[in-house]
Amino acid sequence: MCDTCGCNITPGNRHLIIGEGKLARTEDGRTAVSVLQGLLSENDHQAAHNREHFDRRGILALNLMSSPGAGKTRLLEATIDALKGELGIAVIEGDLETENDAERVRARGVPAIQIATGSACHLDAHMVHDALHHLPLEGVDIVFIENVGNLVCPASFDLGHHRNVILLSVVEGADKPAKYPVMFRAADLMLITKTDLLPFLDDFEPAAAERHLRALACEAPVLQLSASKGLGMEAWLAWLRGEAAAQRERATRGESLRPNVAPDAHGHDHGHAHHAHP
Amino acid sequence: MHELALCQALLRQVEAVAAEHNASSVSRILLRYGPLSGVEPHLLRQAYPLAAAGTPAEGAELVMEESPVRVRCRTCGVESEAAPNRLVCAECGDWHTDLVSGDELLLASLELDIPEDPAPE
């Protein structure tokens, strides 16, 4: 029997599977149970818990995502230096192996926890929760979560952060948003990085990268910078200051913020609800 | 390759529902997913037997039903089908749209084998 395209959902059993027929009996006497629960609901609940943890302290949590080598760690180093004495920063680093990135960040004088994911290609909310237990959050305004360099898997996992920052370096193609729509459409901010290399490249147009992003119905602002040459950093730092201030204000009002397109763990969104609340 | 992690999450949910209904085994699992959920159906299908080995859902048939990508235009209000990497309005071409479907990843339903209650002695 075909089990690839769903064609074995027949007119005879369709109402049991699709409809409201919770606990209906199929013809061969099995019990059909309607569940309608998001597959990642366990992760999403943990993410909501992490977000509460940040919100209680008025901390802004940012998820940095990009290909490997787009300049996430370099951007963090420059950002830590620029905001020293102004905003408290802590970092969670995700990589398959090594403590290298956490050591680079610690060398700048801020706390960093390295999560070595082993073979896992992404961070999830549970890993971030474990890391938070080891990260001193006293005096911290912004927690950067540097996700595993990967444009595919990290997009599917809410970590409990507030904003997605996606880096696209000019040595990649400007059509990356069209190739990895699941990732890029989740952007709250897109950073075009390594712009000091633009004069050496004849095929990267920042305007084209932005057009590809807009085709994903994504309204995120797009900024251009070079962390190593200190170009365009002011706009990025201004965005960070604005977001950190907005988060402190939200926290005093007892409100929270979910990143672009993250699922709602409590099921108020499109049909993620599992059980009716009494 | 996060499909193994997804399978493990799926199986924890399936096992919880099966236990809730005192089922001896699970015969069928229906998932509903959209192309923008980030899941690769054939990878999920390959990962499933590895994750399900030794669980009540070991022999279950995994059925995956794909939802279309649909957007509603904020400018003209028309709802239309879209490509996963081109979420613009098919009617007026504007990119100011909201996704109506296409990013879901849902455990829709299960078929369970539930033993009859033993007859009272």
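It should be noted that the structure appears before, not after, this text.
All values reported here derive from a predicted model rather than from experimental measurement.

About the criteria used
Residues numbered from 1 in each chain as written. Chains lettered and ligands numbered in written order. Predicted model: local features only at pLDDT ≥ 70, side-chain atom pairs only at ≥ 80, totals over all residues. Heavy atoms only, no water. Helix = DSSP H or I, 4+ residues; strand = E, 2+ residues; numbered from the N terminus. Contact = heavy atoms within 4.5 Å. Areas by Shrake-Rupley, 256 points an atom, 1.4 Å probe, with all protein chains shown as cover. Buried area = accessible area lost by both parts, 1.4 Å probe. Salt bridge = Lys/Arg side-chain N within 4 Å of Asp/Glu carboxyl O. Polar contact = N/O pair within 3.5 Å; in protein donor to acceptor, adjacent residues only side chain to side chain. Pairing = 2+ DSSP bridges. Axes fitted to C-alpha atoms, helices over the stretch in contact; angles between N-to-C directions.

(A) Just the overall build of chain B, in detail. Secondary structure assignment for chain B yields two helices and six strands. The order of α-helices and β-strands along chain B, N terminus first, is α-β-α-β-β-β-β-β. In chain B, of all internal contacts separated by at least 6 residues, the share reaching a separation of at least 24 is 69%. Here chain B has roughly 5600 Å² of accessible surface; of this, 50% comes from carbon and sulfur atoms.

(B) Here's a closer look at the interface of chain A and chain B. Taken together, the 43 residues of chain A in the interface contact 47 residues of chain B. For the pair chain A and chain B, the summed buried surface comes to about 3900 Å²; carbon and sulfur atoms form 56% of the total. Counting across the interface, chain A meets chain B through four salt bridges. Between B:Arg74 and A:Glu219 there is a salt bridge whose closest N-O contact spans 2.7 Å. Where chain A packs against chain B, one counts 18 residue pairs in polar contact (both at pLDDT 80 or more). Going through the elements one at a time, α1 (14-18), β2 (31-38), α2 (41-56) and α7 (181-184) of chain A are the ones with two or more residues in the side of chain A that touches chain B. The dominant element in the side of chain A that touches chain B, judged by the number of residues it contributes, is β2(A), at eight residues.

(C) Looking closely at the sheet that holds strand β4 (residues 89-95) of chain A. All names here are of chain A. Ordered by their spatial adjacency, seven strands build an open sheet running β5-β4-β6-β3-β7-β8-β9, and the pairing between neighbours is parallel. With one partner strand each, in any of the chains shown, β5 (112-116) and β9 (222-224) form the two edges of the open sheet. Averaged over all adjacent pairs, the angle separating strand axes in this sheet is 20 degrees, with direction ignored. Contacts from helix α3 (residues 72-83) reach β3 (60-65), β4, β6 (142-146), β7 (163-169) and β8 (189-193) within the one sheet, and its direction differs from that of β4 by about 170 degrees. Here helix α9 (residues 233-252) sits on the sheet in contact with β3, β6, β7, β8 and β9, set at roughly 140 degrees to β3.

Honestly, that's just the spatial picture; any functional story needs more than this.
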